[in-house]
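# Examining the three-dimensional arrangement
Residue-level listing of the chains:
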Amino acid sequence: MTFHDVRFPASLSFGALGGPERRTEIVTLANGFEERNTPWAHARRRYDAGCGLRSLDDVETLIAFFEARQGQLIGFRWKDWSDYLSCKPSCAVEASDQLIAIGDETTRVFQLTKSYRSGTATYRRPITKPVPGSVRVAVGGDLVQPGVDYDIDDNSGVLTFATAPDTGAEVRAGFEFDVPVRFDTDAIMTSVSSFQAGEVPNVPVVEVRL
(Lines give C-alpha, C1' and ligand atoms only; values in the text may rest on other atoms or scores of the structure.)
Protein backbone atom coordinates (compact mmCIF):
# COMPACT_ATOMS: atom_id res chain seq x y z
CA MET A 1 0.00 0.00 0.00
CA THR A 2 1.24 3.48 -0.87
CA PHE A 3 1.79 5.50 2.29
CA HIS A 4 3.23 8.97 2.86
CA ASP A 5 4.97 9.33 6.20
CA VAL A 6 3.43 12.75 6.80
CA ARG A 7 0.91 13.79 9.43
CA PHE A 8 -2.40 15.42 8.62
CA PRO A 9 -2.18 18.96 10.12
CA ALA A 10 -2.72 18.46 13.84
CA SER A 11 -4.46 21.83 14.12
CA LEU A 12 -7.16 20.52 11.77
CA SER A 13 -7.54 17.09 13.37
CA PHE A 14 -8.12 18.80 16.73
CA GLY A 15 -11.89 18.88 17.16
CA ALA A 16 -12.50 16.16 14.58
CA LEU A 17 -15.25 13.66 15.33
CA GLY A 18 -14.36 9.97 15.45
CA GLY A 19 -13.10 6.93 17.30
CA PRO A 20 -12.83 3.12 17.23
CA GLU A 21 -15.25 0.95 15.29
CA ARG A 22 -15.81 -2.79 15.82
CA ARG A 23 -17.58 -5.31 13.62
CA THR A 24 -19.77 -7.81 15.43
CA GLU A 25 -21.83 -10.52 13.73
CA ILE A 26 -24.95 -11.35 15.75
CA VAL A 27 -27.26 -14.28 15.11
CA THR A 28 -30.49 -14.50 17.11
CA LEU A 29 -31.50 -18.11 17.68
CA ALA A 30 -35.07 -19.43 17.68
CA ASN A 31 -35.04 -19.57 21.49
CA GLY A 32 -34.12 -15.87 21.72
CA PHE A 33 -30.50 -16.40 22.71
CA GLU A 34 -27.73 -14.81 20.66
CA GLU A 35 -24.49 -16.01 19.16
CA ARG A 36 -21.94 -13.22 18.72
CA ASN A 37 -18.68 -13.32 16.81
CA THR A 38 -16.27 -10.89 15.17
CA PRO A 39 -14.03 -11.25 12.11
CA TRP A 40 -11.84 -8.38 13.36
CA ALA A 41 -9.08 -8.91 15.91
CA HIS A 42 -8.55 -5.14 16.15
CA ALA A 43 -10.79 -2.09 15.99
CA ARG A 44 -10.75 0.21 12.98
CA ARG A 45 -10.95 3.92 13.61
CA ARG A 46 -12.97 6.44 11.64
CA TYR A 47 -12.90 10.23 11.78
CA ASP A 48 -14.46 13.26 10.12
CA ALA A 49 -11.69 15.71 9.26
CA GLY A 50 -14.25 18.37 8.30
CA CYS A 51 -15.21 18.91 11.94
CA GLY A 52 -11.78 20.43 12.68
CA LEU A 53 -12.04 23.21 10.09
CA ARG A 54 -12.45 26.75 11.44
CA SER A 55 -11.57 29.10 8.57
CA LEU A 56 -11.28 29.30 4.80
CA ASP A 57 -7.50 29.00 5.22
CA ASP A 58 -8.17 25.63 6.87
CA VAL A 59 -10.22 24.59 3.84
CA GLU A 60 -7.35 25.51 1.52
CA THR A 61 -4.90 23.51 3.68
CA LEU A 62 -7.25 20.51 3.62
CA ILE A 63 -7.67 20.61 -0.16
CA ALA A 64 -3.90 20.84 -0.68
CA PHE A 65 -3.35 17.84 1.60
CA PHE A 66 -6.17 15.91 -0.11
CA GLU A 67 -4.77 16.58 -3.58
CA ALA A 68 -1.23 15.61 -2.54
CA ARG A 69 -2.59 12.26 -1.29
CA GLN A 70 -4.64 11.84 -4.51
CA GLY A 71 -7.86 11.25 -2.61
CA GLN A 72 -8.16 7.71 -1.25
CA LEU A 73 -5.03 6.48 -3.03
CA ILE A 74 -2.30 7.30 -0.50
CA GLY A 75 -2.32 6.80 3.26
CA PHE A 76 -0.95 9.20 5.88
CA ARG A 77 -0.57 9.75 9.62
CA TRP A 78 -3.41 11.09 11.77
CA LYS A 79 -3.19 12.42 15.32
CA ASP A 80 -6.16 11.18 17.34
CA TRP A 81 -6.30 13.81 20.07
CA SER A 82 -8.42 11.54 22.27
CA ASP A 83 -5.88 8.69 22.18
CA TYR A 84 -2.29 9.42 21.16
CA LEU A 85 -0.25 8.66 24.28
CA SER A 86 0.99 5.48 25.98
CA CYS A 87 -0.19 6.99 29.28
CA LYS A 88 -3.19 8.95 30.54
CA PRO A 89 -3.67 12.35 28.83
CA SER A 90 -2.93 14.11 32.13
CA CYS A 91 0.48 12.39 32.48
CA ALA A 92 3.85 12.67 30.75
CA VAL A 93 5.22 9.78 28.70
CA GLU A 94 7.48 7.49 30.74
CA ALA A 95 9.46 4.40 29.72
CA SER A 96 7.43 2.34 32.21
CA ASP A 97 4.02 3.12 30.64
CA GLN A 98 3.34 -0.08 28.67
CA LEU A 99 4.45 -3.68 29.21
CA ILE A 100 5.59 -4.84 25.78
CA ALA A 101 6.99 -8.29 26.58
CA ILE A 102 8.93 -10.45 29.01
CA GLY A 103 12.51 -11.25 28.03
CA ASP A 104 13.60 -14.82 27.28
CA GLU A 105 17.30 -14.28 26.33
CA THR A 106 16.42 -15.24 22.74
CA THR A 107 13.89 -12.80 21.31
CA ARG A 108 15.32 -9.47 20.15
CA VAL A 109 12.41 -8.08 18.12
CA PHE A 110 9.17 -6.78 19.67
CA GLN A 111 6.11 -4.91 18.43
CA LEU A 112 5.05 -1.77 20.31
CA THR A 113 1.59 -2.22 21.82
CA LYS A 114 -0.84 -0.32 24.01
CA SER A 115 -3.06 -2.17 26.51
CA TYR A 116 -6.65 -1.15 27.24
CA ARG A 117 -8.01 -2.59 30.49
CA SER A 118 -11.48 -2.72 32.00
CA GLY A 119 -12.14 -5.08 34.88
CA THR A 120 -10.47 -8.39 34.11
CA ALA A 121 -10.50 -7.84 30.33
CA THR A 122 -7.49 -6.51 28.43
CA TYR A 123 -7.09 -5.63 24.76
CA ARG A 124 -3.61 -5.11 23.27
CA ARG A 125 -3.47 -2.75 20.30
CA PRO A 126 -0.45 -2.93 17.96
CA ILE A 127 1.17 0.49 17.54
CA THR A 128 2.60 0.81 14.04
CA LYS A 129 3.19 4.56 13.78
CA PRO A 130 5.06 5.88 16.84
CA VAL A 131 5.96 9.56 16.66
CA PRO A 132 9.67 9.83 15.78
CA GLY A 133 11.78 10.76 18.79
CA SER A 134 9.03 10.07 21.33
CA VAL A 135 9.80 6.43 22.20
CA ARG A 136 11.39 5.62 25.58
CA VAL A 137 12.29 2.05 26.49
CA ALA A 138 13.22 0.31 29.74
CA VAL A 139 14.40 -3.26 30.31
CA GLY A 140 14.21 -4.70 33.81
CA GLY A 141 13.46 -1.22 35.14
CA ASP A 142 16.55 0.37 33.58
CA LEU A 143 16.30 2.97 30.82
CA VAL A 144 18.07 1.85 27.63
CA GLN A 145 19.49 4.05 24.89
CA PRO A 146 18.20 4.25 21.29
CA GLY A 147 20.83 3.60 18.65
CA VAL A 148 22.99 1.80 21.23
CA ASP A 149 20.85 -0.77 23.05
CA TYR A 150 17.97 -0.87 20.56
CA ASP A 151 16.59 0.57 17.32
CA ILE A 152 13.00 1.61 16.67
CA ASP A 153 11.35 1.54 13.24
CA ASP A 154 9.07 4.58 13.19
CA ASN A 155 7.20 3.14 10.19
CA SER A 156 6.23 -0.16 11.82
CA GLY A 157 6.60 0.29 15.59
CA VAL A 158 9.07 -2.60 15.78
CA LEU A 159 11.75 -2.59 18.51
CA THR A 160 14.98 -4.43 17.75
CA PHE A 161 17.46 -4.94 20.60
CA ALA A 162 21.20 -5.34 20.12
CA THR A 163 21.11 -8.09 22.77
CA ALA A 164 18.06 -10.15 23.72
CA PRO A 165 16.64 -9.06 27.12
CA ASP A 166 17.34 -11.42 30.03
CA THR A 167 14.83 -14.08 30.96
CA GLY A 168 12.08 -12.59 33.11
CA ALA A 169 13.10 -8.98 32.41
CA GLU A 170 10.15 -6.70 31.68
CA VAL A 171 10.43 -4.82 28.38
CA ARG A 172 8.46 -1.58 28.78
CA ALA A 173 7.99 1.46 26.60
CA GLY A 174 6.39 4.87 26.54
CA PHE A 175 5.57 6.80 23.37
CA GLU A 176 3.33 9.09 21.39
CA PHE A 177 1.72 7.59 18.30
CA ASP A 178 -0.31 8.35 15.20
CA VAL A 179 -2.98 6.32 13.39
CA PRO A 180 -2.31 5.20 9.78
CA VAL A 181 -5.31 6.38 7.74
CA ARG A 182 -6.55 7.36 4.29
CA PHE A 183 -9.35 9.56 3.06
CA ASP A 184 -12.58 7.58 2.70
CA THR A 185 -13.83 9.67 -0.20
CA ASP A 186 -12.57 10.78 -3.59
CA ALA A 187 -14.50 14.06 -3.49
CA ILE A 188 -14.58 17.05 -1.14
CA MET A 189 -17.60 19.30 -1.56
CA THR A 190 -17.09 22.82 -0.22
CA SER A 191 -19.10 26.03 -0.33
CA VAL A 192 -17.65 29.36 0.74
CA SER A 193 -21.02 30.84 1.65
CA SER A 194 -22.21 27.82 3.62
CA PHE A 195 -18.87 27.48 5.40
CA GLN A 196 -19.04 31.09 6.57
CA ALA A 197 -22.53 30.36 7.86
CA GLY A 198 -21.11 27.71 10.17
CA GLU A 199 -21.27 24.58 8.01
CA VAL A 200 -18.25 22.42 7.22
CA PRO A 201 -17.64 19.79 4.54
CA ASN A 202 -17.90 16.11 5.33
CA VAL A 203 -14.38 14.65 5.02
CA PRO A 204 -14.36 11.00 6.16
CA VAL A 205 -11.05 9.42 7.16
CA VAL A 206 -10.60 5.71 7.91
CA GLU A 207 -7.79 3.68 9.51
CA VAL A 208 -5.83 1.35 7.24
CA ARG A 209 -4.14 -1.97 8.01
CA LEU A 210 -0.40 -2.00 7.36
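Before reading on, note that the structure itself is shown above.
The notes below deal with the structure included here.

Parameters and conventions
Residues numbered from 1 in each chain as written. Predicted model: local features only at pLDDT ≥ 70, side-chain atom pairs only at ≥ 80, totals over all residues. Heavy atoms only, no water. Helix = DSSP H or I, 4+ residues; strand = E, 2+ residues; numbered from the N terminus. Buried < 20%, exposed > 50% of the residue type's maximum accessible area, 1.4 Å probe, protein only. Lys, Arg positive; Asp, Glu negative; His and termini not counted. Charge placed at Lys NZ, Arg CZ, Asp CG, Glu CD. Contact = heavy atoms within 4.5 Å. Pairing = 2+ DSSP bridges. Axes fitted to C-alpha atoms, helices over the stretch in contact; angles between N-to-C directions. Salt bridge = Lys/Arg side-chain N within 4 Å of Asp/Glu carboxyl O.

### Focus: the overall build of the protein chain
Of the regular secondary structure elements, the protein chain holds three helices and 17 strands. By principal-axis analysis of the C-alpha atoms, the protein chain measures approximately 65 × 55 × 35 Å. When burial is assessed residue by residue, the protein chain has 40% of its 210 residues classed as buried. For the protein chain, the distance from the average site of its 22 positive side-chain charges to the average site of its 29 negative ones is 3 Å.

### Notes on the environment of Phe33
Structurally, Phe33 can be placed in the loop between β3 (25–28) and β4 (34–37). Owing to a relative accessible area of 59%, Phe33 belongs among the exposed residues under this scheme. Taking the C-alpha atoms as reference points, Phe33 and Tyr84, 51 residues apart in sequence, are found 38 Å from one another. The residues contacting Phe33, other than those within four sequence positions of it, are Val27 and Thr28.

### Digging into the sheet that holds strand β11 (residues 136–139)
Backbone hydrogen bonds are what pair the strands of a sheet, in a parallel or an antiparallel way. Pairing is antiparallel in the open sheet, where four strands are placed in the order β7-β15-β11-β12. Lying at the two open borders of the sheet, with one neighbouring strand each, are β7 (98–102) and β12 (142–144). Between one strand axis and the next, the sheet turns through 30° on average, direction left out of account. Where β7 lies against strand β15 (residues 170–174), four bridges are found, and the strand directions are antiparallel. Its bridge partner being in β15, Ile102 is matched across the sheet by Glu170.

### Re the sheet that holds strand β14 (residues 158–161)
On the basis of which strands lie adjacent, the open sheet formed by three strands has the order β8-β14-β13 and antiparallel pairing. Only two strands of the sheet have a single neighbouring strand rather than two, namely β8 (109–111) and β13 (150–153). When strand polarity is set aside, the average angle formed by the axes of neighbouring strands in this sheet is 20°.

### Topic: the pattern of salt bridges
One pass over the structure, following the stated rule, counts 10 salt bridges. The closest approach of N and O atoms between Arg7 and Asp178, which form a salt bridge, is 2.9 Å. You can see Arg7 sitting in strand β1 (residues 3–7) and its partner Asp178 sitting in the loop between β15 and β16 (179–183), a full 171 residues away along the chain. We classify Arg7 as partly exposed; its relative accessible area is 29%. Three or more residues joined by partner-sharing salt bridges are found here, namely Asp5, Arg7, Arg77 and Asp178.

Take it as geometry only, folks, not as evidence of what the structure does.
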